[in-house]
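Topology and contacts: notes
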Amino acid sequence: MSTTQISRRRFLAASGSLTVGFNLSVTLNGVAAAATAAGGRLGVDSWIEVSGGDDTLVTIYAGKVELGTGVRTALTQIVAEELALALDQVAYVQGDTDRTPGSQGYTAGSKTIQNEGPPLRLAAATAFQGLLSLAATQFGVATSELNARRGRIGVGEHHRSGSRTYGQLIGSQNYQLASNASVPVKSSADYSIVGKSVRRVDLPGRFTAKTGFVSEIKLPGMLHARVVRPAGRNASFIGFDAGSLAAVQSIPGGVQVVRQGNFVAVVASDEYAALVGARTLRVNWSAGAAMIPQELLPTALQDPANVYASGNEISVGNVDAALAASTATLSATYYTPFQMHASLGASCAVADVSNQRASVWSSTQGPYPLRGALSVLLGLPEASIRVIFVEGSGCYGHNGADDAAAEAALISKLVGKPIRLQWTRADEHGWEPLTPAMVHRMRGGVTGASCMAWEHSVYSPSHNSRPSLGGAGNLLPMQHTGSAPADAPALGANAQTRNAPVTYNFANNRLIRNFVKSFNLVPGTRRAALPVTWSLPRTSALRSLGGFSNSFANESFMDELAKKANADPLAFRLQHTTDARAAEVMQAAAAKAGWGSAVSAPRGFAAGRGIGFLRYETVEAYAAAVAEVLVNKKTGAVQVTRVVVVHDCGLIINPDGLRSQIEGNVIQGVSRTLKEEVRYSGDRITSLAWEDGPGELGYPVLHFDEVPDIEIVLVNRPAEPAWGAGEASIGCLPGAIANAVFNATGARVRSLPMTPAVVKAALPA
Amino acid sequence: MPRPTSLNIVLNGVAKSVPVADGSEPLLFVLRNKLDQVGPKIGCGAEQCGVCTVLVNGRAVRSCSAEVQSIPGGADVRTLDGLADKGHGQGRPKRLHALQRAFIDEQAAQCAFCSNGMIMSALAWLEARRDRDEPSDEEVKRFLSGKGPGAVAVTLCRCGAHLRIVRAIQRAARDMRRGDFDHGRSDDGDCYDDDRSGPFKGRS
């Protein structure tokens, strides 16, 4: 076993440490300077720190944050594996711009395990080699005679000649290692923690109320705030209703009203006083210009007047000639509505902006990009701002968390006190960034049982408007205080066409992207025209971004073409598939589901089965889903009764964690397919509650009694890279369900959500 | 006009008295801000999600909509914070309630923001039906959908942990029926095999 050279230096701290980092461009002197400046902490560019002292404690400084998907546990497994530790010997510091690396961007896109796992494994292995080297010196033996177990290194298999904890090996010295790409790592055949269904390390604290979320952060002298929202997306502040303002100011609890531009908030020492104040305050807003009426979206999204950029993304063969030569051709248009993250907890943040410094506690997916955006909002240098991630309600993408953080910071700046801002349910439902409505125009041609031509034309507003230093205008409070949103995305720079390319082998294949504007643009540019007028609701990243809608269109149209070719939908897919791993997940899902056998239906119902397949981002995890449905022939109500998923994401780190993610994909996928649609009128979103009620509209999500049975088969490939699974399989669901409804009833439903009314209208007379 | 009052309750077995400036204030805010409870969460303010659930005199109550002035004096209020037996440990629960253990065993959460609502709703329901057979999965699903005997209102999960939550509640029902607050969990290990055939100890 090779040893790693350790550079070392004296340090004045009582106990030492061993850190491993990436891009350790700083010299030891540089690190010393950084450590002094940061109050004795070691360089931020470090990922792994082994503490000196009596015991063994390894700390991961992770830019990737725990969003409820279990990445903290999975990354802990990887480190524990390479360093021969028990899980409770690993601590996890996450998403703190003063303490964790800044190069990791967002925790998003199913990318944590596949992108951060391998370098973290190398860092852990580098640290391990460093510890072995220390032990070899201290015990006076070759490293080959050493053995590590549960955070101790000793001589021989059973440590008969003594052993030391990692902390004892380090003592009071400080060691800085650069992660070494050629360091020996464990063979996957020797894994004892990776690949096991380790329990989530963070859940016991949740189930016992021992650990809080960002909503439970309390600071000394902290005030509570609620925001009073404009009447609509394009409304402007005119003035306060004087009587209501006086009434607010008479509420006990030191209630004050703050305003900057169209941003209005009520602040009080007592949370309920702030809430009552916000309810009491009446603001006169100008009537904003109406957005494109919701009922016109299916045509308006295709209107050239609303499309600011178009072009081919894929052009293979000659689609037009192949269509002309096909014995049968087909065209169809699909539509999906605006949908929302619908986090169960309304967004919340705590901020303390004072003395030209800011500390902000947030459940953001990207502490560093948020810090950049905050520097613009607050007019402070980034170095004066600390963003600290604290877990919040599951987000599934860019929800209200960043906006709430920025609003809390703005209010704190205006009143000079620490602020806890709690969004209401109506704030979250009405103002979080949505996933956009999309239209897909499909054309295809078949000759015999072969698809000769395939064309997919995607029409979509933005799927990514995350805030950042260069995109601070994407923050809601920036917009409310007069800033324009960041430029509309350039062709190719967004995720409108995620999973729009299919992995089927088509000789003639064209993908056309059409980017739809959400606000008026300066002609010929992607820049917002001032004053900003929104024509569509604000949109950003939601689980799989464009992939959900694109896969709905692709997989529905595959079935339509199979029907045209008189082919079985599974056989038709396999016929156009040469990738063995793709074929395997489809065949396994079909076999498990009993493809070809009848699905039984009670009287008055029609039953059917459908398949959906995709390869996430066309080059990552493979997923196939078979859905079974019951359709009420009288009402059109669809019930998904069973979903089988076969999933291949290469090496599996934590099988139960992976199952949990797939279950979430299935349940959200069913919910979004059957129930979910944001509703708006004029320039304001009107679905502000969970359920429809007297005088209010709801954004319903799946209830427990609507959840299907879920059967999951995991394909584990230890020798292959580990791909992410957070959003790989959700896109299989809408197509599989639509195909099952067609199989059951002969009705082809081409728009979501498949409410009873929509399905009933599609049912054959 | 706000009507000042005071909230006098027995919170997780301990008498508490708190002055409240406005009797219309929801119990939720008083529990969180004046009595330092971490379990009950702010979700919708309209009894549509369940994350704020606490028990008042044994009944599951959506505390976001329960005005302080409607809480009877001396009411027995239970929260997730007080569900585990505190025992003698340094801040570490001595014994977990069967529901908490079952949620761990079934890994019945993703973000866990809904967990308070799931556990506290199920607590009232299972305690009321202690003498009956373990509920079927259909019964649990109906209960959490706000339907059937003992149901309060819809209880939402957004992450998709539904089937695990149903299994956890069924598992807890079995343990509670045995009168088993702590049935002596044998598996304190971190790991278990994916087929769940038994505890797995990592070689580390």
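Everything quoted here is computed from the prediction, not taken from an experiment.

1. Brief notes about the overall build of chain A
Looking only at helices and strands, chain A features 19 helices and 31 strands. The C-alpha atoms of chain A give 28 Å as radius of gyration, which agrees with the globular expectation for 765 residues (27 Å, within 12%). C-alpha atoms of chain A, sized along the principal axes, occupy 85 × 70 × 50 Å. Looking at chain A residue by residue over its 765 residues, the buried ones come to 59%. Pairs at least 24 apart in sequence give 78% of the contacts found in chain A among residues at least 6 apart.

2. Some details on the overall build of chain B
Looking only at helices and strands, chain B has five helices and seven strands in total. Going residue by residue from the N terminus, the α and β elements of chain B occur as β-β-α-β-β-β-α-α-α-α-β-β. Among the 204 residues that make up chain B, the fraction classed as buried is 52%. For chain B, the proportion of contacts with a sequence separation of at least 24, taken over those separated by at least 6, is 57%.

3. With respect to the sheet that holds strand 7 (residues 152–155) of chain A
Residues and elements named next belong to chain A. Strand order across the open sheet formed by three strands is 6-7-8, with antiparallel pairing between neighbours. Both edges of this open sheet fall to strand 6 (146–149) and strand 8 (163–165), since each of them pairs with a single strand only. Between one strand and the next, the sheet's axes are offset by a mean angle of 20°, whatever the strand orientation. Where helix 3 (residues 112–139) meets the sheet, it contacts strand 6, strand 7 and strand 8, and its direction lies at approximately 40° from that of strand 7.

4. Some thoughts on helix 10 (residues 367–378) of chain A
Residues and elements named next belong to chain A. Taking 1.5 Å of rise per residue, the 12 residues of helix 10 would be expected to cover 16 Å, and the 16 Å separating its terminal C-alpha atoms lies within 8% of that figure. Most of helix 10 sits inside the fold, with 11 of its 12 residues counted as buried. For helix 10, the set of buried residues is Pro 367, Tyr 368, Pro 369, Leu 370, Arg 371, Gly 372, Ala 373, Leu 374, Val 376, Leu 377 and Leu 378. In this structure, the buried residues of helix 10 make contact with strand 17 (348–354), strand 18 (357–362), strand 19 (385–389), helix 11 (401–415) and helix 13 (476–480).

5. Observations regarding the confidence of the model for chain B
Residues and elements named next belong to chain B. This prediction gives chain B a mean pLDDT of 86; 83% of its residues lie at or above 70. Across residues 182–204 the pLDDT falls below 50, and counting only partners more than four positions away or on other chains, this stretch makes 41 contacts in the model. Under the prediction, the complex receives an ipTM of 0.94, its pTM being 0.93.

6. A word on the packing of helix 2 (residues 98–105) of chain B against helix 3 (residues 115–128) of chain B
Residue and element names in this part refer to chain B. Close contact between helix 2 and helix 3 brings their axes to 10 Å; oriented N to C, the two are set at 135°. Judged on the interaxial angle alone, helix 3 and helix 2 are oblique. Pair helix 2 / helix 3 crosses with right-handed handedness. Residues Leu 99, Gln 100 and Phe 103 of helix 2 pack against Ser 115, Ile 119, Ala 122 and Leu 123 of helix 3. When its residues are assigned to classes, the contact of helix 2 with helix 3 shows five nonpolar, two polar and no charged.

7. Structural notes on the interface of chain A and chain B
Taken together, the contact pairs 59 residues of chain A with 55 residues of chain B. Going through the elements one at a time, helix 5 (203–207), helix 7 (271–280) and helix 17 (655–674) of chain A are the ones with two or more residues in the side of chain A that touches chain B. With eight residues, helix 17 of chain A is the largest single contributor of residues to the side of chain A that touches chain B. Its residues assigned to classes, the side of chain A that touches chain B comprises 27 nonpolar, 18 polar and 14 charged.

8. Topic: the pairing of strand 2 (residues 14–20) of chain B
Residues and elements named next belong to chain B. Pairing of strand 1 (residues 5–11) with strand 2, which is carried by seven bridges, proceeds in the antiparallel orientation. Directly across from Leu 7, in strand 2, lies its bridge partner Val 18. Hairpin remark: strand 1 followed by strand 2, antiparallel, with two residues in the connecting loop; positive phi at Asn 12, about 50°.

9. Considering the nonpolar core
Residue and element names in this part refer to chain A. Ala 408, Ala 409, Ala 589, Ala 625 and Val 741 are the most contacted members of the largest nonpolar core, which has 293 residues in total. Considering every element that reaches this core, the biggest residue donor is helix 3, with 12 residues. Leave out the neighbours within four places in its chain, and Ala 589 touches Ile 611, Ala 624, Ala 625, Val 626, Val 644, Val 645 and Val 646.

10. Considering helix 18 (residues 732–745) of chain A
For an α-helix, the turn length of 3.6 residues means that residues three or four places apart are oriented alike. An ideal rise of 1.5 Å per residue puts 20 Å on 14 residues; helix 18 of chain A measures up with 20 Å between its terminal C-alpha atoms. A:Gly746, located one to two residues past helix 18 of chain A, shows a positive phi value of around 80°.

11. A closer look at the confidence of the model for chain A
Overall, the prediction assigns chain A a mean pLDDT of 92, with 94% of residues at 70 or greater. Scored below 50 in pLDDT, residues 1–14 of chain A makes 30 contacts in the model with residues more than four places away or belonging to other chains.

12. Structural notes on the sheet that holds strand 13 (residues 263–268) of chain A
Residue and element names in this part refer to chain A. The strand order across the open sheet built from seven strands is 12-13-10-20-17-18-19, with neighbouring strands paired in mixed fashion. Every interior strand has two partners, whereas the edge strands, strand 12 (256–260) and strand 19, have only one. The sheet shows a mean angle of 25° between the axes of neighbouring strands, taken without regard to direction. Across five bridges, strand 18 lies against strand 19 in parallel orientation.

13. Digging into the packing of helix 2 of chain B against helix 5 (residues 162–177) of chain B
All names here are of chain B. At a closest axis distance of 8 Å, the pairing of helix 2 and helix 5 adopts a crossing angle of 140°. On the basis of the axis angle, helix 2 is oblique to helix 5. Pair helix 2 / helix 5 crosses with right-handed handedness. Contacts between helix 2 and helix 5 involve Ala 98, Leu 99, Ala 102, Phe 103 and Asp 105 from the first element and Ala 168, Arg 171, Ala 172, Asp 175 and Met 176 from the second.

14. So, unusual backbone geometry
Residue and element names in this part refer to chain A. With an omega of -10°, the peptide bond running from Leu 530 to Pro 531 counts as cis. Residue position: Pro 531 is located in the loop between strand 23 (509–516) and helix 14 (547–564). With an omega of -5°, the peptide bond between Leu 752 and Pro 753 qualifies as cis. Mapped onto the fold, Pro 753 is located in the loop between helix 18 and helix 19 (756–762). A positive phi is found at Asn 499, a non-glycine position, where the angle reads about 60°. Within the secondary structure layout, Asn 499 lies in the loop between helix 13 and strand 23.

15. Here's the deal with the environment of A:Val707
As for its placement among the helices and strands, A:Val707 is situated in the loop between strand 30 (697–698) and strand 31 (709–715). Linking A:Val707 and A:Gln668, residues 39 residues apart in sequence, is a C-alpha distance of 9.7 Å. Among residues more than four places away in sequence, those in contact with A:Val707 are A:Ile667, A:Leu702, B:Lys141, B:His162 and B:Leu163.

16. A word on the environment of B:Ala108
All names here are of chain B. In this fold, Ala 108 is placed in the loop between helix 2 and helix 3. A tally of 29 C-beta atoms within 10 Å means that Ala 108 is categorised as buried. For the pair Ala 108 and Arg 78, spaced 30 residues apart in sequence, the C-alpha separation works out to 21 Å. Apart from the residues lying within four places of it in its own chain, the contact partners of Ala 108 are Phe 103, Ala 161, Arg 164, Ile 165 and Ala 168.

17. Brief notes about the environment of A:His480
Residue and element names in this part refer to chain A. For His 480, the position within the fold is in helix 13. Take His 480: there are 24 C-beta atoms within 10 Å of it, and that puts it in the buried class. C-alpha separation for the pair His 480 and Ala 588, spaced 108 residues apart in sequence, amounts to 52 Å. In contact with His 480, other than residues within four places in its own chain, are Gly 261, Asn 262 and Phe 263.

Analysis parameters
- Residues numbered from 1 in each chain as written.
- Chains lettered and ligands numbered in written order.
- Predicted model: local features only at pLDDT ≥ 70, side-chain atom pairs only at ≥ 80, totals over all residues.
- Helix = DSSP H or I, 4+ residues; strand = E, 2+ residues; numbered from the N terminus.
- Rg over C-alpha atoms; globule rule 2.2 N^0.38 Å.
- Buried ≥ 20, exposed ≤ 12 C-beta atoms within 10 Å, placed from the backbone.
- Contact = placed C-beta atoms within 7 Å.
- Pairing = 2+ DSSP bridges.
- Axes fitted to C-alpha atoms, helices over the stretch in contact; angles between N-to-C directions.
- Expected span 1.5 Å × (residues − 1).
- pLDDT = per-residue confidence, 0-100.
- Parallel < 35°, antiparallel > 145°, perpendicular 65-115°, else oblique.
- Left-handed = near helix turned anticlockwise from the far one by under 90°.
- Nonpolar A, V, L, I, M, F, W, Y, C, P; charged D, E, K, R; others polar.
- Core = buried A, V, L, I, M, F, W, Y, C linked by C-beta atoms within 7 Å.

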